Amino acid sequence: MGALRLPSLSLLRPTFSPLRRLPPLSVGRATTHSLAKEAEAVTAGDGKASVSPSQQENSVTPRSVDFSAWYLDVIANAELADYGPVRGTMVIRPYGYAIWEAIQDYLNVKFKETGHSNMYFPQFIPYSFIEKEASHVEGFSPELAVVTIGGGKELEEKLVVRPTSETIVNHMFTQWIHSYRDLPLMVNQWANVTRWEMRTKPFVRTLEFLWQEGHTAHATFEEAEKEALQMINIYKDFAYEHAAIPVITGRKSKVETFAGAACTYTIEAMMGDKRALQAGTSHSLGQNFSRAFGTQFMDENGYRQHVWQTSWAISTRFVGGIIMTHGDDTGLMLPPRIAPIQVVIVPIWKKSDERTSILEAVATVQNILKEAGIRVKVDDSEQRTPGWKYNFWEMKGVPLRIEIGPRDVTNKSVVVSRRDVPGKPGKEFGVSMEASTLVNHVKIRLEEIQAALLQRAISFRDSNIVDVNSYGELKEAIAEGKWARGPWSASDAEELKVKEETSATIRCFPFEQPEGEKKCFMTGKPAEEVAIFAKSY
């Protein structure tokens, strides 16, 4: 439901520019060649031969070398997604979908706590619906997927494959809303959306993606505005508290406002390459759609009024945001609160007679953690070495790893390794297997990782936002890849000039504004607000 300003109405079936294919899905950081060597190295005795550096290669492009290639490598090697057979589509693999489920789990609770009910609207929308709201059709026409044939016959009216649902929602709201007693009406749907994007990137921008979209109708402007702000704050809380992404919350400029909305609120996140990601939006729609569709109610005084509406959404784009905010050259790094697996246990033995006692200890530790509500997985496969497993689960971003070997069984202890602290500094030896001690230790470490990832992201964000007082300073900041923050009261035309000359857009007017008098850095005239400019996805 992001703002889309593409002018042409003729591009209903655009073609794609070639996409970089995801590399063949290797496992962990080992390439096919190195895995073959490893297979030869595995001994018949214990199946636990170590992998030498020459046998294992890093198949992830360093972030500093090519951020885009790094991103695609992580998606492939962490087994998050792959490309579908139709260019621009993606197949979300189980591990990637589990991250999306974690997002769903949090938001579903919040939606229901705030009085919203889940439902579902059809995927096919009559083309005439899209045409009813002028700015809406202007914004979306270039991205529409249109069905003209059904059952082997030409359709009497073209059908649009859902790009968003404001139109069909209003069609149904008109049938359900008659009196002020029917308000507020607040619903949400989890659905797929199709937008015929010209340039795609897995999770961030694809032909089809998953999202939730909320739609509400209210009796007054004030109620609708309160709702729109409430929902953007729910998104902000999720970003900070669970995804460990320090978003900036604010209002979009008129140029960047969602097609058909009166006002758009947004959460903007800084990615690891310093580009901005619009991670979630909430729109105060005013009466634009209700007037176009005749969505009215009888008020308490017996007068017919048009409803005031909102819509708001977060999509699988947020998964891309998590990858690009926290990942490193080793791979994915997941905040514990949204990690599908919080702890992976890797048993280690060299002699066959050690196997039974070690696996018994592993099972005990697994049960202790599972009973404590910790999401835990045991990797007891015997086809791979412990070193291979370490790299594999680091690639998948699991926050904590527990290692249990013969000495640990003897000492009734485990080794705990943090994903966010590489090497020996992140390892703790001799952590007791005693249930309460182990559970307490693991929970504390998981919370420490959660807090550390958020603080790291805050520091990165704040060190890459530059306060500017002239257009020249803005150009310099953007050229350095940073965000520029400065007073703004210039025209839409001047905003578009900035975009044309720097490729940067106004990401938002932040809710948190500095005090004191301000002068627009573009015109020198008084300004009431500062705006943030950045290049974006």
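The name given to the protein in an unreviewed UniProt entry is proline--tRNA ligase, and the organism recorded there is Rhynchospora pubera. Of the protein, the UniProt comment under Catalytic activity (unreviewed entry) reads exactly: "tRNA(Pro) + L-proline + ATP = L-prolyl-tRNA(Pro) + AMP + diphosphate".

Details of the pattern of salt bridges
Summed over the entire model, instances satisfying the criterion amount to 20 salt bridges. Glu 403 serves as the salt-bridge partner of Lys 427, at 3.0 Å between the closest nitrogen and oxygen. Placement of Lys 427 in strand β19 (residues 427–432) and of Glu 403 in strand β17 (residues 400–404) is noted, with a sequence separation of 24 residues between them. Lys 427 sits in the partly exposed class, given a relative accessible area of 25%. For Glu 403, a relative accessible area of 5% translates into the label buried.

Regarding the sheet that holds strand β6 (residues 153–161)
Pairing within the open sheet is antiparallel, and its three strands lie in the order β4-β6-β5. Of all strands in the sheet, those bounded by a partner on one side alone are β4 (124–126) and β5 (145–150). The average undirected angle you get between the axes of adjacent strands in this sheet is 50 degrees. Judged from the five bridges that link them, β5 and β6 form a sheet pairing that is antiparallel. What sits directly across from Ala 145, in β6, is Val 161.

Description of the nonpolar core
Grouped together as the largest cluster of nonpolar side chains are 59 residues, with contacts concentrated most on Tyr 71, Leu 80, Leu 107, Phe 203, Phe 318, Ile 323 and Leu 332. Non-local contacts of Leu 80, meaning those with residues more than four positions away in its chain, are made with Ile 75, Val 91, Ile 92, Arg 93, Tyr 95, Gly 96, Ile 99, Phe 203, Ile 323 and Leu 332.

Observations regarding the pairing of strand β14 (residues 308–315)
Across the eight residues of β14, seven count as buried, placing the element largely inside the fold. Note that strand β8 (residues 208–218) and β14 share eight bridges and pair antiparallel. Within β14, the position partnered with Glu 213 by the bridge is Ala 313. Across five bridges, the pairing between strand β11 (residues 276–286) and β14 is antiparallel. Across the sheet, Thr 281 pairs through a bridge with Ala 313, a residue of β14.

Definitions and cut-offs
- Each chain carries its own residue numbering, running from 1 in the written order of its sequence.
- For a predicted model such as this one, the threshold for reporting local features is a pLDDT of at least 70, and the threshold for listing and counting side-chain atom pairs is 80 or more; totals across whole chains, interfaces and linings nevertheless cover every residue.
- Excluded from the side-chain calculation are hydrogens and water; included are all heavy atoms of the structure.
- UniProt positions are given in the numbering used here, feature names are shortened, and annotations may be inferred rather than shown by experiment.
- By convention in these notes, a salt bridge is any Lys or Arg side-chain nitrogen within 4 Å of a carboxyl oxygen on Asp or Glu.
- Secondary structure elements are defined from DSSP: runs of H or I of at least 4 residues count as helices, runs of E of at least 2 residues count as strands, and each element is numbered from the N terminus.
- Think of it in three bands: residues with accessible area under 20% of the maximum for their type are buried, residues over 50% are exposed, and the middle band is partly exposed, with areas taken using a 1.4 Å probe on protein chains only.
- One requirement defines pairing of two strands: DSSP has to find at least two bridges between them.
- Interaxial angle, 0 to 180 degrees, is taken between N-to-C directions of lines fitted to C-alpha atoms, where a helix line uses only the stretch in contact.
- For this analysis, a nonpolar core means a set of buried residues of the types Ala, Val, Leu, Ile, Met, Phe, Trp, Tyr and Cys, connected via side-chain atoms within 4.5 Å.
- Contacts were defined at the residue level, with two residues in contact if any of their heavy atoms lie within 4.5 Å.

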